[in-house]
Amino acid sequence: MSQSVDFGRVAVLYGGTAAERPVSLISGAAVLKALQEAGVDAHRFDPAERDIVEVQGYDRAFIVLHGRGGEDGVIQGVLEQFQVPYTGSGVMASAIGMDKARTKQLWVGCGLPTPTYRRLYASMDFAAVVADLGLPLMVKPSREGSSIGMAKVYSVEDLAKAYEVAAKHDSEVIAEHFIQGSEYTIAILGDRALPVIRMVPATDFYDFEAKYSRNDTQYNIPSGLLAEDEAELQRLSLEAFRVLGARGWGRIDAMRDADGRFWLLEINTVPGMTDHSLVPMAAAACGIDFTQLVLTILAQATRENGGAA
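Residues numbered from 1 in each chain as written. Predicted model: local features only at pLDDT ≥ 70, side-chain atom pairs only at ≥ 80, totals over all residues. Heavy atoms only, no water.

Draft legend 1. Representation of helix H1 (residues 21–37) within the structure. Its 17 residues give H1 an end-to-end C-alpha distance of 24 Å, which sits within 8% of 24 Å, the value for a rise of 1.5 Å per residue. Of the positions making up H1, those classed as buried are Val-23, Ser-24, Ser-27, Gly-28, Val-31, Leu-32, Ala-34 and Leu-35. Seen from one end, H1 has its buried residues packed into an arc of 165°, which puts them on one side. What points out from H1, more than 90 degrees from its buried face, is the exposed set Pro-22, Ile-26 and Glu-37. Looking at the residues trailing H1, positive phi occurs at Gly-39, about 90°. (Helix = DSSP H or I, 4+ residues; strand = E, 2+ residues; numbered from the N terminus. Expected span 1.5 Å × (residues − 1). Buried < 20%, exposed > 50% of the residue type's maximum accessible area, 1.4 Å probe, protein only. Arc of directions from axis to C-beta.)

As structure tokens, then:
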């Protein structure tokens, strides 16, 4: 879309204090630059450096805060209180989407496919978890993003060590049955699922290094799926997005096993917007350049109760 709408004074919220601050700084700078070059009256707003009450002086907020404080409903609640329309999902969807365990509970309750999992505790019998879920397993802090604190484990001993690492990032940790197969991501823009991307990391799994610092991760778009299979994965991802009450934009990560069945892994309600990021890549594949992408996201800014900007 071209810049024909007067968005007013826009705060681009990025940086913050979460573990994902370095990624947010890069994402936010890219969004800010694109908006300003498109003629939008956009301004940097780092909640780690400014009093958040100052956000009341803006007409809209473009949220590019990854992780805690920005993707978990906290900043969304602040903006609701100040009646500032903002991009992306509202308080409830953001809070649930940031929590992998509760996201999976909701998906399971709605009959959507997601790998079996267990919550981990320091005093539990890890051997029983392995017997229940099998090996290998993925261990994840429930409320972190960008694969921070994640590990793939192949033994009971590995599970105990991985739990200790993950627990340093979050008091809630899950172990998830590892799906052997291809990994995909599906960007959502408005009510549309963009072309599916297949990730082929050179590392053991699509970890933080593969996402942000390595140049040998392969991104296949077209994904290589048959047209009907890609359509099914897009349909499934849209349903998973809507079940959580998400809106505006986001990304669903999924796997496909050897039997051809798709499995939902997690949702990202404020995905990355760096030069390695997947949403801009998917948008470009269907003719939406970065500037068009950020303007489209900004145009969808609203409040939890549906109040338009």
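Draft legend 2. Just helix H5 (residues 126–133), in detail. Turning to H5, its buried residues are Phe-126, Val-129, Val-130 and Leu-133. Burial along H5 is one-sided: seen end-on, the buried residues are contained in an arc of 100°. Where H5 is buried, its residues touch strand S4 (117–120), strand S5 (137–141), helix H6 (156–167) and strand S7 (173–177). Two or three places before Ala-127, at the start of H5, stands the capping residue Asp-125, its side-chain oxygen 3.0 Å from that residue's backbone nitrogen. (Contact = heavy atoms within 4.5 Å. Polar contact = N/O pair within 3.5 Å; in protein donor to acceptor, adjacent residues only side chain to side chain.)

Draft legend 3. Structural context of the packing of aromatic side chains. The tally for this structure, following the rule as stated, stands at 4 aromatic pairs. Between Phe-126 and Tyr-163, the ring centres sit 5.8 Å apart and the planes meet at 45°, which makes this aromatic pair tilted. With Phe-126 in helix H5 and Tyr-163 in helix H6, this residue pair connects regions lying 37 residues apart in the sequence. Each member of the pair, Phe-126 as well as Tyr-163, is classed as buried. Between the aromatic rings of Tyr-184 and Phe-262, the centroid separation amounts to 6.3 Å while the plane-to-plane angle is 80°, which identifies the pairing as edge-to-face. Of the two residues, Tyr-184 sits in strand S8 (residues 181–189) while Phe-262 sits in strand S13 (residues 262–268), which places them 78 residues apart along the sequence. No difference in accessibility class separates Tyr-184 from Phe-262, as the two residues are buried. (Phe/Tyr/Trp six-rings, centres within 6.5 Å; stacked < 30°, edge-to-face > 60°.)

Draft legend 4. Up close: the sheet that holds strand S1 (residues 9–13). The strand order across the open sheet formed by 3 strands is S2-S1-S3, and the pairing between neighbours is parallel. Of all the strands in the sheet, the pair left with one neighbour each is strand S2 (41–45) and strand S3 (60–63). Going from strand to strand, the sheet's axes swing by 30° on average, the running direction of each strand aside. With 4 bridges connecting them, S1 and S3 associate as parallel partners. Bridge assignment links Val-10 to a residue of S3, and that residue is Arg-60. Of the strands in this sheet, S1 and S3 touch helix H2 (residues 74–82), which is tilted by about 175° from S3. With respect to the sheet, helix H10 (residues 290–299) is in contact with S1 and S3, its orientation differing from that of S3 by roughly 125°. (Pairing = 2+ DSSP bridges. Axes fitted to C-alpha atoms, helices over the stretch in contact; angles between N-to-C directions.)

Draft legend 5. Geometry of the environment of Leu-13. One can find Leu-13 in strand S1. Residues Leu-13 and Val-200 lie 187 residues apart in sequence; the distance between their C-alpha atoms is 31 Å. Beyond its immediate stretch of four places on either side in the chain, Leu-13 contacts Phe-45, Val-55, Ala-61, Phe-62, Ile-63, Val-64, Leu-65, Ile-75 and Leu-79.

Draft legend 6. Fine view of unusual backbone geometry. The step from Leu-135 to Pro-136 runs through a cis peptide bond, and the omega angle for that step is -5°. On the secondary structure map, Pro-136 appears in the loop between H5 and S5. The step from Ile-221 to Pro-222 runs through a cis peptide bond, and the omega angle for that step is 10°. Among the structural elements, Pro-222 can be located in the loop between strand S11 (218–220) and helix H8 (227–243). Positive phi, normally seen in glycine, also occurs at Gln-83, with a value near 60°. Residue class for Gln-83 comes out exposed when judged on its relative accessible area of 57%.

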